[in-house]
Amino acid sequence: MENLLKKLNKMLDQDREKQQKKKDKLKDLLKKMHKRSKEFRKQLEKEKDPAVREQLEQDLRILKIQRKKAIALCKEIKCKK
């Protein structure tokens, strides 16, 4: 019986460890996305060419949508800041 409990605990610990790694990766990804978003905004302020501005705006919109999805996933798996 004890042997079975030890195996079960080991499996649960591995699952917790995997979840924690997933949370950490997601937090890092969100930080990178936020930083990238700031960079796009700074570039957008400086840029004069309409074609480049349009591309930057599109990239910013895409990044914003991706970030929203990542934040929703983070809330779902209960990431802590």
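The rules behind the values
- Residues numbered from 1 in each chain as written.
- Predicted model: local features only at pLDDT ≥ 70, side-chain atom pairs only at ≥ 80, totals over all residues.
- Heavy atoms only, no water.
- Patch = residues over 30% accessible without salt bridge, like charges linked within 9 Å, V, L, I, M, F, W, Y side chains within 5 Å.
- Areas by Shrake-Rupley, 256 points an atom, 1.4 Å probe, with all protein chains shown as cover.
- Salt bridge = Lys/Arg side-chain N within 4 Å of Asp/Glu carboxyl O.
- Lys, Arg positive; Asp, Glu negative; His and termini not counted.
- Charge placed at Lys NZ, Arg CZ, Asp CG, Glu CD.
- Helix = DSSP H or I, 4+ residues; strand = E, 2+ residues; numbered from the N terminus.
- Buried < 20%, exposed > 50% of the residue type's maximum accessible area, 1.4 Å probe, protein only.
- Contact = heavy atoms within 4.5 Å.
- Core = buried A, V, L, I, M, F, W, Y, C linked by side-chain atoms within 4.5 Å.

## Regarding a positive patch on the surface
Now for step 1: On the surface, a cluster of positive charge is contributed by Lys-38, Arg-41, Lys-42, Lys-46, Lys-64 and Lys-68.
Now for step 2: At the level of elements, helix 1 (2-46) and helix 2 (50-76) are the ones that each hand at least two residues to the positive patch.
Now for step 3: With four residues, the single largest contributor to the positive patch is helix 1.
Now for step 4: Topologically, Lys-68 is positioned in helix 2.
Now for step 5: The exposure class of Lys-68 is exposed, given its relative accessible area of 56%.

## Concerning the side chain of Lys-23
Now for step 1: Tracing the backbone shows Lys-23 in helix 1.
Now for step 2: Buried within the structure, Lys-23 lacks any salt-bridge partner; Asp-24 is the closest side chain of opposite charge, at an N-O distance of 8.3 Å.
Now for step 3: With near-sequence residues (within four places) excluded, Lys-23 lies in contact with Ile-77, Lys-78 and Cys-79.

## A closer look at the nonpolar core
Now for step 1: If you look at the biggest cluster of nonpolar residues, it comprises eleven residues: Leu-26, Leu-30, Met-33, Phe-40, Leu-44, Leu-56, Leu-60, Leu-63, Ala-70, Cys-74 and Cys-79.
Now for step 2: For this core, the secondary-structure elements that each account for two or more residues are helix 1 and helix 2.
Now for step 3: Other than its neighbours up to four places away in sequence, Leu-30 contacts Arg-67, Ala-70, Ile-71 and Cys-74.

## A look at the environment of Arg-36
Now for step 1: With respect to the secondary-structure elements, Arg-36 resides in helix 1.
Now for step 2: Sequence separation between Arg-36 and Leu-63 is 27 residues; the distance between their C-alpha atoms is 8.3 Å.

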